[in-house]
Amino acid sequence: MGNTEGISKATVSRMPAYLRYLKGEAWKGVDYVSSAVIAKDMGLSAVGVRKDLAIVSSLQGKPRLGFQVVQLIADIEKFLGYHRWASAIVMGAGGLGRAILSYEGFENYGINVVAAFDNAPEKIGSIGGKPVYPLERLNEIVARSNVTVGILTVPRSVAQEACNQLVAAGIRSILNFAPVYLHVPDSVTVKYEDLAVSLAGLCGGVDG
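Heads up: these notes are all about the structure in this document. It should be emphasised that the depicted structure is a prediction, and the values quoted were computed from it without experimental measurement.

**Comments concerning the packing of helix H2 (residues 35-42) against helix H3 (residues 46-56)**
For any two helices packed against each other, the geometry is given by the interaxial angle and the distance between the axes. Taken N-terminus to C-terminus, the directions of H2 and H3 make an angle of 120°; their axes are 8 Å apart at the nearest point. Looking at the two axes, H2 sits oblique to H3. Pair H2 / H3 crosses with right-handed handedness. Listed contacts from H3 to Ser35, Ala36, Ile38 and Ala39 of H2 are Ala46, Val49, Arg50 and Leu53. Classifying every residue of the contact of H2 with H3 by side-chain character gives 6 nonpolar, 1 polar and 1 charged.

See below:
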């Protein structure tokens, strides 16, 4: 990610949403988009959107026209670091791992999921055109493909072991879907994603 010093976390967190919006079908072939239109479509404050985009935009918005769509997309991608491609691997080729391996949207954000790994022989092969390797090839593939990110989709009981294998292979950033806290060296960054907790939080806001 680019330099976010002095920029609020709320602003930073909105940038991927702006990017998804601007890459939508509605803006293909369109030259300019105004902050007012973005705000209306996304349910945000026009003033807030204008301030957010002014932080990352390399060109000032034109009166009555707004921001140049193609350039604004490039500016947001640069701010988020999406212009620097990162290679990732998936640990665990179960249901969630298979879904991540098959998902085609990562490339829009500069992420190349190159392969998955599993210790079950029956899962070795290919998913969505991406290879699934046995664990003994982990170090080889990480080094060969310059992998920097590991996506952990294994069961809780083996999550720490799988994490240790990623760290030993040279991975320094881990996205963990297993519902367990991982112990890693200070040089390794872990982001936790618990789908059950997220769903429970969503359901908690809905009247029964």
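That was the structure; now back to the text.
**Things to note about the nonpolar core**
Of all hydrophobic cores here, the largest spans 24 residues; its most connected members are Ile89, Met91, Phe117, Leu138, Leu152, Leu166 and Ile174. Elements with a contribution of two residues or more to this core: strand E3 (86-91), strand E4 (111-118), helix H6 (138-144), strand E7 (147-152) and helix H7 (156-169). Tyr21, Val49, Leu80 and Tyr109 belong to the second largest nonpolar core, which has 22 residues in total.

**Concerning the environment of Asn119**
Position of Asn119 among the secondary structure elements: in the loop between E4 and strand E5 (125-127). You can call Asn119 exposed: its relative accessible area is 65%.

**Focus on the packing of aromatic side chains**
The full count for this structure, using the stated rule, is 4 aromatic pairs. Between Tyr21 and Trp27, the ring centres sit 5.8 Å apart and the planes meet at 55°, which makes this aromatic pair tilted. Taking the relative accessible area as the measure of exposure, Tyr21 reaches 15% and is therefore buried.

**Description of the pairing of E4**
The buried fraction of E4 is high, at 6 of 8 residues. Here E4 runs beside strand E6 (residues 130-134); their pairing, made up of 3 bridges, is parallel. Its bridge partner being in E6, Ala116 is matched across the sheet by Val132.

Parameters and conventions
Residues numbered from 1 in each chain as written. Predicted model: local features only at pLDDT ≥ 70, side-chain atom pairs only at ≥ 80, totals over all residues. Heavy atoms only, no water. Axes fitted to C-alpha atoms, helices over the stretch in contact; angles between N-to-C directions. Helix = DSSP H or I, 4+ residues; strand = E, 2+ residues; numbered from the N terminus. Parallel < 35°, antiparallel > 145°, perpendicular 65-115°, else oblique. Left-handed = near helix turned anticlockwise from the far one by under 90°. Contact = heavy atoms within 4.5 Å. Nonpolar A, V, L, I, M, F, W, Y, C, P; charged D, E, K, R; others polar. Core = buried A, V, L, I, M, F, W, Y, C linked by side-chain atoms within 4.5 Å. Buried < 20%, exposed > 50% of the residue type's maximum accessible area, 1.4 Å probe, protein only. Phe/Tyr/Trp six-rings, centres within 6.5 Å; stacked < 30°, edge-to-face > 60°. Pairing = 2+ DSSP bridges.

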